[in-house]
Amino acid sequence: MTSRPNGEPLVRLSGVNKWFGELHVLQDIDLSIDRGEVVVVIGPSGSGKSTLCRAINRLEPIDKGEITIDGGRLPEEGKELARLRADVGMVFQSFNLFAHKTVLENVALGPVKVRKKPKAEAEGRARELLERVGVASQADKYPAQLSGGQQQRVAIARALAMEPKVMLFDEPTSALDPEMINEVLDVMVGLAKDGMTMVVVTHEMGFARRAANRVVFMDGGRIVETAEPETFFTSPRSDRAKDFLSKILTH
Ligand SMILES: Nc1ncnc2c1ncn2[C@@H]1O[C@H](COP(=O)(O)OP(=O)(O)OP(=O)(O)O)[C@@H](O)[C@H]1O
Ligand SMILES: [Mg+2]
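So, here's what we can say about the structure. (Residues numbered from 1 in each chain as written. Chains lettered and ligands numbered in written order. Predicted model: local features only at pLDDT ≥ 70, side-chain atom pairs only at ≥ 80, totals over all residues. Heavy atoms only, no water.)

1. Remarks on unusual backbone geometry
Of note in the backbone geometry, lysine 116 takes a positive phi value of approximately 60° without being a glycine. The residue lysine 116 is located in the loop between helix 3 (103-113) and helix 4 (119-132) in this model. The backbone phi angle of glutamate 163 is positive, close to 50°, even though this residue is not glycine. Of note, glutamate 163 is situated in the loop between helix 5 (148-161) and strand 7 (166-170). Here glutamate 163 falls in the partly exposed class, since its relative accessible area comes to 46%. (Helix = DSSP H or I, 4+ residues; strand = E, 2+ residues; numbered from the N terminus. Buried < 20%, exposed > 50% of the residue type's maximum accessible area, 1.4 Å probe, protein only.)

2. Some details on the environment of leucine 160
Mapped onto the secondary structure, leucine 160 falls in helix 5. Linking leucine 160 and aspartate 87, residues 73 residues apart in sequence, is a C-alpha distance of 9.8 Å. Ignoring anything within four residues of it in the chain, the contact list for leucine 160 reads Leu129, Met167, Leu191 and Met196. (Contact = heavy atoms within 4.5 Å.)

3. Looking at the sheet that holds strand 3 (residues 38-42)
On the basis of which strands lie adjacent, the open sheet formed by six strands has the order 6-7-8-3-9-10 and mixed pairing. Two strands in the sheet have a free side with no partner beyond their single neighbour: strand 6 (88-91) and strand 10 (222-227). If you compare each strand with its neighbour and ignore which way they point, the axes differ by 20° on average. Where strand 9 (residues 214-219) meets strand 10, five bridges bridge the pair, whose relative direction is antiparallel. Bridge pairing in strand 10 places valine 216 opposite threonine 226. Running at roughly 170° to strand 6, helix 5 makes contact with strand 6 and strand 7 of the sheet. (Pairing = 2+ DSSP bridges. Axes fitted to C-alpha atoms, helices over the stretch in contact; angles between N-to-C directions.)

Have a look at this one:
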């Protein structure tokens, strides 16, 4: 566990509400994430974790409340939204790499298209990032030629290539074979240690204990409990968190 950083909010959600038809999927969410902070979001299936992540980079519009990134309110649409969205890197359960582009092209594409970087510069940076996530030797292969763990590390490199201010991870290891989980978690722990601001939806308690400043427990669209990882896992306060932990701990 690292100590909580300097108290400067980078991501702030205030009074955020969202409905899918009748379903009140995000209910009065207030959450402020400091620069350099790592927040793990945990909770039962359907509790709204993915919707929360998607709302933070506006893949999902919200119905009420406000979300700011680095002080700027997320615009509804247009160029400004594309730029702000590029400030938020996102890694999903499924790797979502472009199948017909090489690993290197996957990582270099965004900076060229969105950030308008010269191709050679973007590719140089892409190679550095592939090195950082441990897949430099795979640069000229296609995604299907890589293992799941390697593909997910490429997805992380691709997100980092945009120089995001915050990285969102939505169950990045849950589609992986067990032996590949750690190679991805190790990259994420490294990022956390380097000071990246991160929101990570995961049930990997080892990661939470090693890298998170806070655990946010969601249930039924609400944040039910927020605590330091050790406190949360050893002495959760709410009955809902106790119940949830008793279920995941028996697996
Ligand atoms: N596009 C959508 N339209 C309608 N309902 C949706 C949509 N996306 C999600 N939901 C519903 O919203 C609720 C929250 O979904 P969400 O995916 O955020 O949960 P989650 O906590 O990420 O769950 P899981 O652990 O299974 O990934 C669920 O009841 C889900 O069925
Ligand atoms: Mg989800």
